[in-house]
Amino acid sequence: MKEKFLGFERLDGTVGIRNHLLVMSITGLTGPIARKISLNLPGSLLIDNPYGSGILGVDRLRQDRAMIGFGNNPNIGAVLIISGDPPKTEAIKKGINKTGKIVETITLEDCNHDSISMFEKGIRLGAKLMLEISRKRRSLHHVSNLFVGLECGRSDPSSGMVANPIMGLIADYLIDLGGSAVIGETTEWLGAEHLLVKRAKNNQVKEEILNAVNFQKNLAISNNVNLLGNNPGYTNIEAGLSTIEEKSLGNITKSGTKVIQSVIDWGEKPTIDGMHLMHAPAYAPESLSGFSAAGCQLIFFSTGVGNSFNNHISPSIKISANPKTCKKLHEQLDFKCSQVFEGKKTLYHASDELWEIFIDICSGTRTWGEILSESTEVFSRIGRSL
Amino acid sequence: MNTNNRVYDAILLNPIDNVITSIRSLKKDQVINIKVKEKIIKIRLIDDIPICHKISINEIKTGENIKKYGEVIGIAFNFINKGSHVHIHNVKSLRS
């Protein structure tokens, strides 16, 4: 089994599997201009934070941390910040600069509040950055440099029985080699938390797991949400999942068997290697952006009936074990393992095959999601705006 | 395994489970094979079963736990005959 991939080494020692220019609008007013700039710099990635000065308290902390996290993700070669808020621009720039990454900024104030001038400046500055990062070459690096997110979306029973356990084998192997992984989707720990708790590193982590599950359960209760119809949702139920316990027990198999080192918040970077839990929403866009803000270079994403959504910064390897889905979605699934579901191949055989694809994608082979550009980043929110 | 030889039609994940999961669409009155501890056992279906859905492998009384993965996934709120479709019409969560 290959243990090395061709990646882009960054100044802080992290290793990217992609080398993108990130055009990041950090204020809602500048989003449309940033979109035009990014469209005119093919290959650049756009992040468009729709919020602004009204963001308060924990939301502000989480959004600022996420914007810095997106910029610092090892897959990003340079960042062009587009903004209507000079002090905030400096703060985000400073956060990203800490890793030595190239950051350029343009504020509306620099352009006499003229959007056309901002557009022109953005193209010039962005083009210069794209030339600069294109000089970067890939070199061989060990998989211990990798931090992967583990996601499932539009799940069915085959996800929990086959696709997720294969991801669990990959996670175990990666962690044995010194890498890291994370699962999120707290609601989908409900009914399986007794199994997660057994793997907690210490009592504190155990408490944090139970508190997170209780928080999510109470959130549903206080909003009069019956999980049936919400999670499992309509698509899950139609595909054969009957209860949240059934979904959760299948969900957590993607976390493998290793010790759970910590429970982190949405978009928070773990401080040690190994397996982590992110206490975060279950719906894919929010969940995936939490992973890329935390620094994941790549995401393994299983689906039962199909799910075309991908993360923007971290390529997503789409996996399905459902025989019907595997027959239908050729330009969505990067790895098909329905033969395991049908008993024609073992989980171990399939995980070895997936490992090879994983190394290839880390070295530059593109995912369907990248080719079709079915991706974005979103910001998680908790409270109201001022 | 010979791919033309349909040795089994559904998966039992854990020996203590009382439901299995179909690996293909199955029809009422069909007799299906499942593998339990290396032995093949037969069950006659009393419902149509879509792919990936659950089937009871014995009678399940009202209020009894439904087990999959060797874990409790909910309880029966109706009596469930052997070979039935097991889903939201007869199982409910203990947690939601």
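Residues numbered from 1 in each chain as written. Chains lettered and ligands numbered in written order. Predicted model: local features only at pLDDT ≥ 70, side-chain atom pairs only at ≥ 80, totals over all residues. Heavy atoms only, no water.

Right, let's talk about the overall build of chain A for a bit. Looking only at helices and strands, chain A features 14 helices and 16 strands. For chain A, the C-alpha radius of gyration of 20 Å lies close to 21 Å, the compact-globule estimate for 386 residues. Counting all 386 residues of chain A, 59% fall into the buried class. Partitioning the contacts of chain A with sequence separation of at least 6, the portion at a separation of at least 24 is 70%. About 15100 Å² of surface is accessible on chain A, with carbon and sulfur atoms providing 53% of the total. In chain A, 41 positive and 40 negative side-chain charges are present, and the distance between their average locations comes to 2 Å. (Helix = DSSP H or I, 4+ residues; strand = E, 2+ residues; numbered from the N terminus. Rg over C-alpha atoms; globule rule 2.2 N^0.38 Å. Buried < 20%, exposed > 50% of the residue type's maximum accessible area, 1.4 Å probe, protein only. Contact = heavy atoms within 4.5 Å. Areas by Shrake-Rupley, 256 points an atom, 1.4 Å probe, with all protein chains shown as cover. Lys, Arg positive; Asp, Glu negative; His and termini not counted. Charge placed at Lys NZ, Arg CZ, Asp CG, Glu CD.)

With that settled, consider the pairing of strand β12 (residues 298-302) of chain A. All names here are of chain A. Counting buried positions over the 5 residues of β12 gives 5, a clear majority of the element. In β12, alternate side chains face the same way, and those of L298, F300 and S302 on one face and I299 and F301 on the other are all buried. Bridging between strand β8 (residues 147-152) and β12 involves 5 bridges; their strand directions are parallel. Directly across from L150, in β12, lies its bridge partner F300. Bridge analysis of β12 against strand β14 (residues 316-320) gives 4 bridges, and the strand direction is parallel. Bridging from a neighbouring strand, F301 pairs with K318 of β14. (Pairing = 2+ DSSP bridges.)

Before going further, it helps to examine the domain arrangement of chain A. One widely used convention gives an interface's size as the accessible area the parts lose upon coming together. All names here are of chain A. Segmentation of chain A into domains returns domain 1 (20-133) and domain 2 (142-376). A C-alpha centroid distance of 29 Å is found between domain 1 and domain 2. Taken together, the contact between domain 1 and domain 2 spans 12 residues of the former and 14 residues of the latter. Summing both sides of the interface, domain 1 and domain 2 together bury roughly 1200 Å²; the carbon and sulfur share of this comes to 56%. When the buried area of domain 1 at its contact with domain 2 is split by residue, R62, R65 and F70 rank highest and sum to 40% of it. Counting across the domain 1 and domain 2 interface gives 2 salt bridges. The residue R65 makes a salt bridge to D265 at a minimum N-O spacing of 3.0 Å. The interface formed by domain 1 and domain 2 includes 8 residue pairs in polar contact (both at pLDDT 80 or more). Elements represented by at least two residues in the side of domain 1 that touches domain 2 include exactly β4 (45-48) and α2 (57-72). No other element matches α2, which puts 5 residues into the side of domain 1 that touches domain 2. (Domains from an automatic or database assignment. Buried area = accessible area lost by both parts, 1.4 Å probe. Salt bridge = Lys/Arg side-chain N within 4 Å of Asp/Glu carboxyl O. Polar contact = N/O pair within 3.5 Å; in protein donor to acceptor, adjacent residues only side chain to side chain.)

Residue and element names in this part refer to chain A. Where helix α1 (residues 31-39) meets helix α4 (residues 115-134), the closest approach of the two axes is 9 Å, and the angle between their N-to-C directions is 35°. With respect to the hand of their crossing, α1 and α4 are arranged in right-handed fashion. Of α4, the residues touching α1 (which contributes I33, K36 and I37) are S115, M118, F119, G122 and I123. Grouping the amino acids of the contact of α1 with α4 by side-chain chemistry returns 5 nonpolar, 2 polar and 1 charged. (Axes fitted to C-alpha atoms, helices over the stretch in contact; angles between N-to-C directions. Left-handed = near helix turned anticlockwise from the far one by under 90°. Nonpolar A, V, L, I, M, F, W, Y, C, P; charged D, E, K, R; others polar.)

So, on to helix α7 (residues 203-222) of chain A. Residue and element names in this part refer to chain A. Relative to the 28 Å expected for 20 residues at 1.5 Å per residue, α7 spans 28 Å between its end C-alpha atoms, a close match to the ideal helical length. Residues V205, I209, A212, V213, Q216 and A220 constitute the buried set of α7. All buried residues of α7 project into a common sector of 90° when viewed along the axis, lining one side. Across from the buried face of α7, at angles greater than 90 degrees, the exposed residues are N203, Q204, I221 and S222. The N-cap residue of α7 is N202: its side-chain oxygen and the backbone nitrogen of Q204 are 3.1 Å apart. (Expected span 1.5 Å × (residues − 1). Arc of directions from axis to C-beta.)

The next point concerns the interface of chain A and chain B. Listed as interface residues are 34 residues of chain A and, on the opposing side, 28 residues of chain B. Taken as a group, M161, E245 and F341 of chain A account for 23% of the area that chain A buries against chain B, more than any other trio of residues on that side. One can count 3 salt bridges joining chain A with chain B. Put simply, E246 of chain A and K54 of chain B hold a salt bridge, and the shortest N to O gap is 2.8 Å. At the boundary of chain A and chain B, one finds 15 residue pairs in polar contact (both at pLDDT 80 or more). Listed by contribution, the elements that provide at least two residues to the side of chain A that touches chain B are α5 (157-176), α6 (193-197), α7, α8 (234-239), α9 (244-251) and α11 (323-328) of chain A. In terms of residues, the side of chain A that touches chain B owes the most to one element, α9 of chain A, which gives 5 residues. Across the side of chain A that touches chain B, the residue classes tally to 14 nonpolar, 11 polar and 9 charged.

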